[in-house]
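What follows is each chain in one-letter form.
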Amino acid sequence: MKRLNDLDNDYITLYTRKYLNCPQTDILKDFVSLAELGQINAIIYYFQMRGRKKIRLRMDKKIETSIDKKTVTTYFEKYAYFNKLSAEVRLGKNKKILELIENYNAEVHELSEIKRELESDVQKSANGIKTLERKSLDKQMECDLIVSELCGTEFIKTVIDVCKTAEMKLTSPYTNFSDRLTILLQLKKMYFKYGSILEGKWNEKLLVDFGRKIKSAYEKNPDNIDIKFAFAKYALEVNSSYLNKTLANKIFEELANRSFSQKLSEHIEKKMKKSKKSIRKLEDVANT
């Protein structure tokens, strides 16, 4: 099972601080710094924040170029690339995908309304039923056409690849507990958002089984950071009734109060010095 390195631990520290509502502007800056050092979960978070309303986040060329279609191989790299494409959609750089997804969602909504009307207890004439059935069939064909077009796009091909890779990753005995939980939650999100396009469906039993495993693992090894974090995250975010949420909060507080690694601390300090130097130069120019 893969051990957490210093940057992985920094990510856990930042994640718990974010959950506990520490100053969000500072946390976002630190996430960017961590992403610049190549920590993959921080890179994913960077792309998730890009283009979000009310969040000021400049494009970071180093992070943007670190994830490229030609170089991604691991599950988390693929998930990062998916989030990069999602950010482009939010920023209006891929209007075709945005339009297709919006049209698809609208068609699915109309189809659901027609089916609901067909299944309602309200009395209908034979002609009325036939009309609704014809509308349902036509609407389903429209949905299928959009799905067919979507499946030819890089965006949906990436969605499918991410889900397939996630399911393979979950069977690997080398996947640590915190990664396994993250993958499960990401896979659930993907199925809920794109389930009608993907083959198969989300299996909630996967999360339930993991809850039992992480509880057992924590009871046997409560000092292991990977297990401790996964246990607390599951208790607080999956909302399991048999896990201790008071204990989970204490764990998050403990993890959030840790110092950053030397590598991240030095990188942040270096950026701060560079920023102060740039400000002084601007002040010198203004005073001349």
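Predicted model only: the values in this text are computed from it and were never measured. (Residues numbered from 1 in each chain as written. Predicted model: local features only at pLDDT ≥ 70, side-chain atom pairs only at ≥ 80, totals over all residues. Heavy atoms only, no water.)

Engineer: Help me get a handle on the packing of aromatic side chains, residues and values and all.
Structural biologist: Across all of its chains, the model carries 17 aromatic pairs by this definition. Between the aromatic rings of Tyr75 and Tyr79, the centroid separation amounts to 6.1 Å while the plane-to-plane angle is 20 degrees, which identifies the pairing as stacked. Linking Tyr75 with Tyr79, this pair stays in helix α5 (residues 75-90), spanning 4 residues, or about one helical turn. Overall, the relative accessible area of 2% leaves Tyr79 in the buried class. Measuring from ring centre to ring centre gives 6.2 Å for Phe82 and Tyr194, while their planes differ by 90 degrees; the resulting arrangement is edge-to-face. With Phe82 in helix α5 and Tyr194 in helix α9 (residues 177-194), this residue pair connects regions lying 112 residues apart in the sequence. One aromatic cluster is present, built from ring pairs that chain together Tyr11, Tyr15, Tyr19, Phe31, Tyr45, Phe229 and Phe252. (Phe/Tyr/Trp six-rings, centres within 6.5 Å; stacked < 30°, edge-to-face > 60°. Helix = DSSP H or I, 4+ residues; strand = E, 2+ residues; numbered from the N terminus. Buried < 20%, exposed > 50% of the residue type's maximum accessible area, 1.4 Å probe, protein only.)

Engineer: Quick rundown of the confidence of the model for the protein chain? Include the residues and the values.
Structural biologist: On average, residues of the protein chain carry a pLDDT of 88, and 94% of them reach 70 or more. Across the protein chain, the secondary-structure element scoring lowest on mean pLDDT is helix α13 (residues 262-287), at 72, and the one scoring highest is helix α1 (residues 6-19), at 97. (pLDDT = per-residue confidence, 0-100.)

Engineer: Go over the nonpolar core, please, and point to the residues and values.
Structural biologist: Ranked by internal contacts, the top residues of the largest apolar core, which has 79 residues, are Leu150, Phe155 and Ile214. With residues near it in sequence (within four places) discarded, Ile214 still touches Phe177, Ile227, Ala230, Phe231, Tyr234 and Leu243. (Core = buried A, V, L, I, M, F, W, Y, C linked by side-chain atoms within 4.5 Å. Contact = heavy atoms within 4.5 Å.)

Engineer: Tell me what's going on with the packing of α5 against helix α8 (residues 154-169), and back it up with residues and numbers.
Structural biologist: Two elements in contact, α5 and α8, have axes whose closest approach is 9 Å; the angle formed by their N-to-C orientations is 155 degrees. Taken together, the axes of α5 and α8 lie roughly antiparallel to each other. Considering only the axes of α5 and α8, their crossing is left-handed. In contact with Tyr75, Lys78, Tyr79, Tyr81, Phe82, Leu85, Ser86 and Val89 of α5, α8 contributes Glu154, Phe155, Thr158, Val159, Asp161, Val162, Thr165, Ala166 and Lys169. (Axes fitted to C-alpha atoms, helices over the stretch in contact; angles between N-to-C directions. Parallel < 35°, antiparallel > 145°, perpendicular 65-115°, else oblique. Left-handed = near helix turned anticlockwise from the far one by under 90°.)

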